[in-house]
Amino acid sequence: MADEFADQDVIRRLLKESGTWAFVGLADNPAREVYNQARLMQQRGKRIVPVHPDAREVLGEQGYASITDVPGEVDVVGVYRRAEYAGQAVDEAIAAGAKAVWLPLDVVDEAAARRAKDAGLDVVMDRCPAVEWARRG
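Residues numbered from 1 in each chain as written. Predicted model: local features only at pLDDT ≥ 70, side-chain atom pairs only at ≥ 80, totals over all residues. Heavy atoms only, no water.

### Topic: the sheet that holds strand β3 (residues 76-79)
- On the basis of which strands lie adjacent, the open sheet formed by 5 strands has the order β2-β1-β3-β4-β5 and parallel pairing. Each having just a single partner strand, β2 (47-51) and β5 (122-125) make up the two edges of the open sheet. The sheet shows a mean angle of 20° between the axes of neighbouring strands, direction not considered.
- When strand β1 (residues 20-24) meets β2, the two strands line up parallel, connected through 5 bridges. Bridge pairing links V24 to V51 in β2.
- Most of the contacts of helix α1 (residues 8-17) go to β5, to which it runs at about 105°, and overall it touches β1, β3, β4 (100-103) and β5.
- In the packing of helix α4 (residues 110-118) onto the sheet, contacts are made with β4 and β5, and the angle to β5 comes to roughly 160°. (Pairing = 2+ DSSP bridges. Helix = DSSP H or I, 4+ residues; strand = E, 2+ residues; numbered from the N terminus. Axes fitted to C-alpha atoms, helices over the stretch in contact; angles between N-to-C directions. Contact = heavy atoms within 4.5 Å.)

### Topic: the environment of A113
- Assignment of secondary structure puts A113 in helix α4.
- Taking the relative accessible area as the measure of exposure, A113 reaches 0% and is therefore buried.
- Those residues within four positions of A113 in sequence are excluded, and the remaining contacts are F5, V123 and M125. (Buried < 20%, exposed > 50% of the residue type's maximum accessible area, 1.4 Å probe, protein only.)

### Brief notes about the packing of aromatic side chains
- The full count for this structure, using the stated rule, is 3 aromatic pairs.
- Ring geometry for W21 against F23: centres 5.9 Å apart, planes inclined by 20°, an arrangement best described as stacked.
- Residue class for F23 comes out buried when judged on its relative accessible area of 0%.
- Each ring, one from F23 and one from Y80, has its centre 5.8 Å from the other, and the planes form 40°; the classification is tilted. Residue F23 is located in strand β1, and its partner Y80 is located in the loop between β3 and α3 (83-96); the two are separated by 57 residues in the primary sequence.
- Judged by relative accessible area, Y80 falls into the buried class, the value being 11%.
- Grouped by ring-pair contacts, the aromatic residues W21, F23, Y80 and W102 constitute a single cluster. (Phe/Tyr/Trp six-rings, centres within 6.5 Å; stacked < 30°, edge-to-face > 60°.)

In C-alpha cells, the structure reads:
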C-alpha cells in the first residue's frame, strides 16, 4: 500500500479538525467494530452519522440508507465494509461532496483511494482511528 494513504499530517488533521463522521456499515450492534469506532468519535465530540441500508437510529443519531442521503456536510466518511465493497462507498462519498474518506484496518482498495484523492478528498487507508487517536495522546 502506498504511504500516501497513511500521511500522519492528514490523519492528525482529520482527527483534530473534523466535525462530522459518516460511518458506512454502522448498525445498532455493539459487537461490531464500526459501532465501537463511531462511539469513540462521538465521545471525542464528533457528530456521527450512521449509514446503513436499514437507515435506523444508532447511538442516538438518525441513520441514512446511503451517503448521498445524508443532509449537510460530511467531513469524513469511514468505510466499514469489506474491501470488495469499499469502492462503491468511496464513489458515493465523492458524489456527496465529502471532504475525506477513511478506510480502516484491512480495508484496502487502492483504486478507490486514488479516485478519492484525484477528486480532491483526503484519504486514509488501512489505519484504525482509535489507534491513531491514542498516538496523539
